[in-house]
Amino acid sequence: MSEKPVEEMSFEEAMQELEAVVGQLERGDVALEDSIRLYERGAALKARCEVKLKEAEEKVAAITLDANGNPTGAKPVEGL
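About the criteria used
Residues numbered from 1 in each chain as written. Predicted model: local features only at pLDDT ≥ 70, side-chain atom pairs only at ≥ 80, totals over all residues. Heavy atoms only, no water. Helix = DSSP H or I, 4+ residues; strand = E, 2+ residues; numbered from the N terminus. Buried < 20%, exposed > 50% of the residue type's maximum accessible area, 1.4 Å probe, protein only. Contact = heavy atoms within 4.5 Å. pLDDT = per-residue confidence, 0-100. Expected span 1.5 Å × (residues − 1). Core = buried A, V, L, I, M, F, W, Y, C linked by side-chain atoms within 4.5 Å.

### Brief notes about the overall build of the protein
Broken down by element type, the protein carries two helices and two strands. In the protein, the succession of α and β elements from N to C terminus is α-α-β-β. Relative to its full complement of 80 residues, the protein shows a buried share of 18%. Looking at the protein alone, contacts between residues at least 24 apart form 45% of all its contacts between residues at least 6 apart.

### Details of the confidence of the model for the protein
In the predicted model, the protein carries a mean pLDDT of 87, and the fraction of residues at 70 or more is 89%. Element-level mean pLDDT values for the protein span from 68 in strand S1 (residues 61-65) up to 96 in helix H1 (residues 11-27).

### Digging into H1
The periodicity of an α-helix, 3.6 residues per turn, causes residues three or four positions apart to be oriented the same way. With 17 residues, H1 should reach 24 Å at 1.5 Å per residue; the first-to-last C-alpha distance of 24 Å fits that figure. Ala14, Glu17, Leu18, Val21 and Gly23 are the residues of H1 that are buried. Looking at the packing, one finds that the buried side of H1 touches helix H2 (32-59). Just past H1, the residue glycine 28 takes up positive phi, approximately 70°.

### What to know about the nonpolar core
The nonpolar side chains of soluble globular proteins are, as a tendency, buried together. Counting residues in hydrophobic clusters, the biggest one holds eight residues: Val6, Met9, Ala14, Leu18, Val21, Leu38, Leu45 and Cys49. For this core, the secondary structure elements donating two or more residues are H1 and H2. Apart from the residues within four sequence positions on either side, methionine 9 is in contact with Ser2, Lys4, Ala14, Glu17, Arg41, Leu45 and Arg48.

Listed below in C-alpha cells is the structure:
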C-alpha cells in the first residue's frame, strides 16, 4: 500500500491501489485488524475514484446535431 494521501492521488493511482486492496481482502490471508485498515483505505480510494470520475464527467461535452445529423456545437452533459 502506498503512503501517499488518498486525496493527492490521481484516478489511476487510486484505482491501482484499490485493485491491490481488493486483491488482499479477497485472498483473506490478512489479520482482522489489517483487514479493517485495508477496508477503510479501500473505501477512501473508492471515494477518490468517484470524485475524479465526476470531475472528468463535468469536462465532457455532448455533441449537438442539426436535423441532417451534422455537428452544430457542444453542450454540457445533462444532469451535472
